[in-house]
Amino acid sequence: MSQILNLSSNGRQPATLLDLSMYYLINANQHMGLMCRRKVFDVCIDNEVADFDHLDCNPECILGCSCCLILQPMVCCNIHHPNHFSIYSSQADEPSVMSRRSHHPKYTKQVPDLVLQDAFDDWCEQKTISTYGWSHLNDLGPSPVLPNCTLDCIVDCAHHCKINSILDLKKETGWTDSNRFGNEIITLIQRHAPPITSPFVTTPLSYPSTGNVPVLTTPCPTARTNTPNLKFKNKCSACNNEGHNACNHVCPRHPSHAAQNKENDQS
């Protein structure tokens, strides 16, 4: 039987092989040459050949064998008679699209995180006993109530303050029992969660003392000062005066002044 590639919706997952007849049977309403699920059997497995088998079965009768005679059904398929197949349609609601869970950076668990995890372990054991009995806890552990991977995810989210309601719990963990035990989980988080650290650091202001002890204060680099900016002035290395250098003709000890004085003396 011929086969056809069945790709996933995103086109990135590995392709799987699907029988051509099964592909046409599923997508018969999308092919103009078919538009009927019964016609798929005629096209793919030559079902029309059996239409005259009843004549060969009983050649003495003009109408052939009544047992092998294929009669046309009153109801064709769900494409032509959808009302007759409504009872077989699925009543399950499509799952709602959940928003993406948060990405947590790596961190080292501190004492509050370990205390919260111990509180969850105790809660899981007690809830397993009250829900399923002690035998389940003895044989399977507390995982039937809260799987280990979900517990670790809740502890990580509590460390980063990502769970504040049942909706947050559903979003971050996808736990199926969020509605059933969500209020108890949030109560444990609020009771044992690590304290929220503020990203801002406050430094108290220093007040000048009334005694003779000087108070050392660190100036703020962004604070504005009223001190005028003093412009740097050059200092001549020949005459030690400011405002010029030794190469400037303004300097009284410049060689040009010496030559001029010499000419004046000769005159």
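Residues numbered from 1 in each chain as written. Predicted model: local features only at pLDDT ≥ 70, side-chain atom pairs only at ≥ 80, totals over all residues. Heavy atoms only, no water.

Visitor: An account of the pattern of salt bridges is requested, with residue identities and associated values reported.
Guide: Opposite charge on two side chains lets them pair, provided their charged atoms get close. Tallied over the full model, the rule gives 1 salt bridge. Note that Glu184 and Lys127 form a salt bridge whose closest N and O atoms lie 3.1 Å from each other. Remark: Lys127 occurs in helix α4 (residues 111–132) and Glu184 occurs in helix α8 (residues 178–192); sequence separation between them is 57 residues. Looking at Lys127, the relative accessible area reads 18%, which means it is buried. (Salt bridge = Lys/Arg side-chain N within 4 Å of Asp/Glu carboxyl O. Helix = DSSP H or I, 4+ residues; strand = E, 2+ residues; numbered from the N terminus. Buried < 20%, exposed > 50% of the residue type's maximum accessible area, 1.4 Å probe, protein only.)

Visitor: Describe in detail the nonpolar core, supporting the description with residues and values.
Guide: Within the largest apolar cluster, 19 residues are counted, with the highest numbers of intra-cluster contacts made by Phe120, Trp123, Leu146, Ile154, Trp175, Ile185 and Ile189. Counting residues per element, the ones that place at least two in this core are α4, α6 (148–159) and α8. Sort the elements by how many residues they give to this core and α6 lands first, with 6 residues. Excluding residues within four positions of it along the chain, Ile154 makes contact with Phe120, Leu146, Ile163, Leu169, Thr173, Ile185 and Ile189. (Core = buried A, V, L, I, M, F, W, Y, C linked by side-chain atoms within 4.5 Å. Contact = heavy atoms within 4.5 Å.)

Visitor: I'd like a description of the packing of aromatic side chains, backed by residues and values.
Guide: Scanning all chains against the criterion turns up 4 aromatic pairs. For the pair Tyr23 and Tyr24, a centre-to-centre distance of 5.7 Å together with 55 degrees between the ring planes defines the contact as tilted. Residues Trp123 and Phe181 carry aromatic rings whose centres are separated by 5.7 Å and whose planes lie at 80 degrees to one another, so their mutual orientation is edge-to-face. Highlighted residues: Trp123 in helix α4 and Phe181 in helix α8, separated in sequence by 58 residues. There is no split in this pair, since Trp123 and Phe181 are both buried. Chaining the aromatic ring pairs together yields one cluster made of Trp123, Trp175 and Phe181. (Phe/Tyr/Trp six-rings, centres within 6.5 Å; stacked < 30°, edge-to-face > 60°.)

Visitor: So what about helix α2 (residues 37–44)? Which residues, and what values?
Guide: By the burial criterion, the buried members of α2 are Arg37, Val40 and Cys44. What you see down the axis of α2 is that its buried residues fit within an arc of 25 degrees, all on one side. Among the structural elements, α1 (20–26) are those in contact with the buried residues of α2. Asp46 sits one or two residues past α2 and shows a positive phi near 55 degrees. (Arc of directions from axis to C-beta.)

Visitor: Provide a residue-level description of the packing of α4 against α6, including the pertinent values.
Guide: For any two helices packed against each other, one specifies the crossing angle of their axes together with the interaxial distance. With their axes 10 Å apart at the nearest point, α4 and α6 run at an angle of 145 degrees to one another. Our pair here, α4 against α6, has a crossing hand that is right-handed. From α4, Asp113, Leu116, Gln117, Phe120, Asp121 and Cys124 reach across to α6, where they touch Leu151, Asp152, Ile154, Val155, Ala158 and His159. Here the residues of the contact of α4 with α6 are counted per class, giving 7 nonpolar, 2 polar and 3 charged. (Axes fitted to C-alpha atoms, helices over the stretch in contact; angles between N-to-C directions. Left-handed = near helix turned anticlockwise from the far one by under 90°. Nonpolar A, V, L, I, M, F, W, Y, C, P; charged D, E, K, R; others polar.)

Visitor: Tell me about the side chain of Glu172, residues and numbers included.
Guide: For Glu172, the position within the fold is in helix α7 (residues 166–173). Discounting chain neighbours no more than four positions away, the residues touching Glu172 are Arg101, Ser102, His104, Cys153, Cys157, Lys162 and Ile163.

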